[in-house]
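Now for the letters of each chain:
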Amino acid sequence: DKNKKAENPLDVLPQNVRSAFEDFAKMRKTKLKKPMTDNAITRMINKLNSLSMDESTQIAILNQSEDNCWLDIYPLKTDKPKQEKSNNPFLNMVEEGVFDE
């Protein structure tokens, strides 16, 4: 029956991903005052699945957005450790592209 209330859109998620998604949605609602409709949740789940099908990556994506108070989800940002400048001025010039044409 089409008139029946639709199932919870989060029911399609594995429990641990669902829990992370609920935490993200709660942050949006309480901190950002931007709650999500069921349609928005469904679109967000589709986006999450397009970013990764790996559960641990999906959880990391949701946690990243929650930690940064983002409205949306994004691919994981990988923090590259900053390399220390070499004591060799020639190597520093090479790394800076001084000799590139």
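**A short note on the nonpolar core**
Phe 21, Phe 24, Met 36, Leu 48, Leu 62 and Ile 73 are the most contacted members of the largest nonpolar core, which has 17 residues in total. Going through the elements one at a time, helix H1 (15-30), helix H2 (38-51) and helix H3 (55-67) are the ones with two or more residues in this core. Not counting residues up to four positions away in its chain, the partners in contact with Met 36 are Phe 21, Phe 24, Ala 25, Arg 28, Ile 41 and Met 44.

**Some remarks on the packing of H2 against H3**
At a minimum axis separation of 9 Å, H2 and H3 run at an interaxial angle of 125 degrees. By the angle class used here, H2 and H3 are oblique. Note that H2 runs across H3; the crossing there is right-handed. When H2 is examined against H3, the residues Leu 48, Asn 49 and Leu 51 are found in contact with a partner set consisting of Gln 58, Ile 61 and Leu 62.

**Side note on the packing of aromatic side chains**
Per the counting criterion, the structure on display carries two aromatic pairs. Between the aromatic rings of Phe 21 and Phe 24, the centroid separation amounts to 6.2 Å while the plane-to-plane angle is 75 degrees, which identifies the pairing as edge-to-face. Residue Phe 21 and its partner Phe 24 are located together in helix H1, separated by three residues, close to a single helical turn. An angle of 85 degrees between the planes, with centres 5.3 Å apart, marks the rings of Trp 70 and Tyr 74 as edge-to-face. Overall, Tyr 74 belongs to the partly exposed group, its relative accessible area being 38%.

**Focus: H1**
For H1, spanning 16 residues, the distance from its first C-alpha to its last is 22 Å, which sits close to the expected 22 Å at 1.5 Å a residue. Residues Val 17, Arg 18, Ala 20, Phe 21, Phe 24, Met 27 and Arg 28 constitute the buried set of H1. In this fold, the buried residues of H1 make contact with H2 and H3.

**Things to note about the pattern of salt bridges**
Inspection of the entire model under this criterion finds three salt bridges. With a closest N to O distance of 2.7 Å, Asp 11 and Arg 18 form a salt bridge. By relative accessible area, Asp 11 is classed as partly exposed at 41%. Asp 72 serves as the salt-bridge partner of Lys 47, at 2.9 Å between the closest nitrogen and oxygen. With Lys 47 in helix H2 and Asp 72 in the loop between H3 and helix H4 (89-95), the pair connects residues that are 25 residues apart, well separated along the chain. Overall, the relative accessible area of 28% leaves Lys 47 in the partly exposed class. Look at the salt bridges and you will find they share partners, linking Asp 11, Arg 18 and Glu 22 into a network.

Here is what the cut-offs are and how they apply
Residues numbered from 1 in each chain as written. Predicted model: local features only at pLDDT ≥ 70, side-chain atom pairs only at ≥ 80, totals over all residues. Heavy atoms only, no water. Core = buried A, V, L, I, M, F, W, Y, C linked by side-chain atoms within 4.5 Å. Buried < 20%, exposed > 50% of the residue type's maximum accessible area, 1.4 Å probe, protein only. Helix = DSSP H or I, 4+ residues; strand = E, 2+ residues; numbered from the N terminus. Contact = heavy atoms within 4.5 Å. Axes fitted to C-alpha atoms, helices over the stretch in contact; angles between N-to-C directions. Parallel < 35°, antiparallel > 145°, perpendicular 65-115°, else oblique. Left-handed = near helix turned anticlockwise from the far one by under 90°. Phe/Tyr/Trp six-rings, centres within 6.5 Å; stacked < 30°, edge-to-face > 60°. Expected span 1.5 Å × (residues − 1). Salt bridge = Lys/Arg side-chain N within 4 Å of Asp/Glu carboxyl O.

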